[in-house]
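# Remarks on the overall topology
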2 protein chains.
Amino acid sequence: MVISRRRRGGSSRPGKAWSLEGVKAKEEAGMEKVNIGTNPFLLPMPMVIVGTCIGERPNFMAVGWASRVNVRPAIMSVAIGRHATAEAILKTGEFSINIPSVDLVPQTDIVGMVSGSEFDKSGLFEVFFGSLGKAPMIRQCPVTMECKVIRDVELPMDRLFIGEVKGVWSEERFLSGGSPDIEKVRPFCLTMPDNRYWSVGPAVGRAWHDGIGLKDRLPRLP
Amino acid sequence: MVISRRRRGGSSRPGKAWSLEGVKAKEEAGMEKVNIGTNPFLLPMPMVIVGTCIGERPNFMAVGWASRVNVRPAIMSVAIGRHATAEAILKTGEFSINIPSVDLVPQTDIVGMVSGSEFDKSGLFEVFFGSLGKAPMIRQCPVTMECKVIRDVELPMDRLFIGEVKGVWSEERFLSGGSPDIEKVRPFCLTMPDNRYWSVGPAVGRAWHDGIGLKDRLPRLP
């Protein structure tokens with residue numbers, strides 16, 4: 001491991017001191033580490049559509065900030081700004097996460113552009129419900145899940161809703177071995193700030209498998 | 001909007017009642033909604049490597065459950081099980097998020113397979129530090145960020161660490177217009193339970209743009 005000078009002695013050039021060996025050459029090659037501010041966007045962000053009920057009306061919103069957060073029970077998180085969707089989740093304690101395929105790019109995009117407080121977005125999709133009464137799901141989405149809020153965390157601009165998954169819905173045609181098959185589901189991702197949607201490309205490896213050859217290189221700790 | 005019978009009257013066939021028109025045909029075509037349990041994995045999950053310090057030793061762990069959670073300031077979340085990495089974050093209050101390219105699949109994979117309490121994983125990478133003293137970053141990763149914990153949420157099996165981004169680091173060769181360019185960064189995603197890594201494919205649309213044509217179809221609310 002090459003440790004940075006800053007780490008050892010506190011260089012005034014954070015992010016640069018690592019390249020003690022040949023910093024010049026790396027600078028010339030554009031390989032110098034540069035600070036690009038504090039506004040990262042994790043790439044790629046999986047695009048989902050969050051479903052809620054505003055009163056009796058199903059409402060949908062495109063969300064790029066969703067993640068699994070617990071193994072068992074399955075728990076998901078979605079980060080949502082001060083939108084009608086956040087109000088609805090606070091009122092009902094329920095929401096759905098719908099995974100759209102690339103065929104639904106325009107529909108996903110528009111539900112991220114207009115507010116459920118101004119427009120009725122329910123007509124864009126065929127709606128179905130599972131076990132929860134206020135977590136409307138989208139039939140056109142290959143994989144959908146209904147979530148019950150177990151925690152919510154207020155952040156400076158957004159609110160993080162943490163919901164236990166009460167049911168996951170799909171169709172046989174999207175499954176392989178009983179699980180959703182990404183090549184059949186064909187989800188897509190969002191990148192910002194260039195604001196583009198991306199398909200999923202070819203497989204590049206097997207998890208919990210491709211790294212095993214490196215294990216011998218790792219010193220075992222005393 | 002086609003609303004499900006369950007929604008209206010409480011059908012005993014959740015996820016089926018939506019298809020009032022021609023449920024038979026859809027069943028035959030394998031288009032019937034089926035409940036596949038409660039163990040979804042959001043597809044695709046962006047793969048990152050979380051960096052921490054165990055004492056003075058940099059440690060790294062592959063994480064698939066990371067997300068942006070707040071706009072300004074930039075705040076990220078990572079969900080981590082009962083691992084050495086979680087202990088380290090609890091002790092130091094700092095961590096890094098490193099975005100590996102497809103060239104780093106094996107290295108990413110192995111740091112997700114062995115524990116930092118048994119093995120010294122620091123030698124796999126060239127390490128540098130930014131403004132935080134306990135958030136080691138990986139020079140080989142095209143985009144890295146250093147985070148300071150502002151909140152952590154204990155969940156049944158995992159702990160969700162919420163960290164404010166204090167600095168993002170990259171190299172000119174990975175940027176376009178000052179921001180990371182996904183086609184230059186070449187990140188990859190994880191799917192479970194098939195445990196495969198996937199590259200990012202061709203662009204399929206423009207966000208906040210491709211849906212605008214559907215706006216006229218949305219009834220404006222009174």
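Residues numbered from 1 in each chain as written. Chains lettered and ligands numbered in written order. Predicted model: local features only at pLDDT ≥ 70, side-chain atom pairs only at ≥ 80, totals over all residues. Heavy atoms only, no water.

### Quick word on the overall build of chain A
When you go through chain A residue by residue, the secondary structure sums to 5 helices and 15 strands. In chain A, which comprises 222 residues, the proportion classed as buried is 58%. Sequence-distant contacts in chain A: of pairs separated by 6 or more residues, those separated by 24 or more amount to 56%. Surface accessibility of chain A: about 8,500 Å² in total, with carbon and sulfur atoms responsible for 50%. (Helix = DSSP H or I, 4+ residues; strand = E, 2+ residues; numbered from the N terminus. Buried < 20%, exposed > 50% of the residue type's maximum accessible area, 1.4 Å probe, protein only. Contact = heavy atoms within 4.5 Å. Areas by Shrake-Rupley, 256 points an atom, 1.4 Å probe, with all protein chains shown as cover.)

### Some points on the relation of the copies chain A and chain B
The two copies are related by a screw motion: chain A maps onto chain B through a turn of 180° and a shift of 0.0 Å along the axis, at an RMSD of 0.0 Å. Viewed as a symmetry operation, the transformation between the two copies matches a two-fold axis. No C-alpha of chain A lies nearer the rotation axis than that of A:Gly201, which sits 1.8 Å from it. Most of the interface of chain A is mirrored in chain B: 100% of its interface residues are interface residues there too. (Least-squares fit on C-alpha atoms with pLDDT ≥ 70 in both.)

### Focus: the packing of aromatic side chains
Residue and element names in this part refer to chain A. As enumerated under the stated definition, the model contains 6 aromatic pairs over all chains in all. A ring pair is formed by Phe 188 and Tyr 197, whose centres lie 5.2 Å apart and whose planes are at 80°; its orientation type is edge-to-face. The burial state of Phe 188 is the same as that of Tyr 197; both residues are buried. (Phe/Tyr/Trp six-rings, centres within 6.5 Å; stacked < 30°, edge-to-face > 60°.)

### Focus: the pattern of salt bridges
Going through the model one piece at a time under the given rule, you end up with 24 salt bridges over all chains. A:Glu154 is paired through a salt bridge with A:Arg159; the nearest N and O atoms lie 3.5 Å apart. Taken together, the shared-partner salt bridges connect A:Lys33, B:Glu171 and B:Arg173 into one network. (Salt bridge = Lys/Arg side-chain N within 4 Å of Asp/Glu carboxyl O.)

### Concerning empty space enclosed by the protein
Summed over all chains, the structure comprises 2 cavities of 30 Å³ or more. Approximately 40 Å³ is the volume found for the largest cavity. Surrounding the largest cavity, A:Leu42, A:Pro44, A:Met45, A:Pro46, A:Gly64, A:Trp65, A:Ala66, B:Pro46, B:Ala66, B:Ser67 and B:Arg68 form its lining. Those elements that provide at least two residues to the lining of the largest cavity are strand E2 (45–46) of chain A together with strand E5 (66–70) of chain B. Among the elements that line the lining of the largest cavity, the one with the most residues is E5(B), at 3 residues. When grouped by side-chain class, the residues that make up the lining of the largest cavity number 8 nonpolar, 2 polar and 1 charged. By volume, the second largest cavity amounts to about 40 Å³. As for the second largest cavity, its lining consists of A:Pro46, A:Ala66, A:Ser67, A:Arg68, B:Leu42, B:Met45, B:Pro46, B:Gly64, B:Trp65 and B:Ala66. Mapped onto the lining of the second largest cavity, the elements with two or more residues apiece are strand E5 (66–70) of chain A together with strand E2 (45–46) of chain B. (1 Å grid on protein atoms, 1.4 Å probe; cavity = no way out; pocket = protein on both sides within 12 Å on 5 of 7 lines; lining within 4 Å. Points joined across faces, edges and corners; volume = space filled by probe spheres on them. Nonpolar A, V, L, I, M, F, W, Y, C, P; charged D, E, K, R; others polar.)

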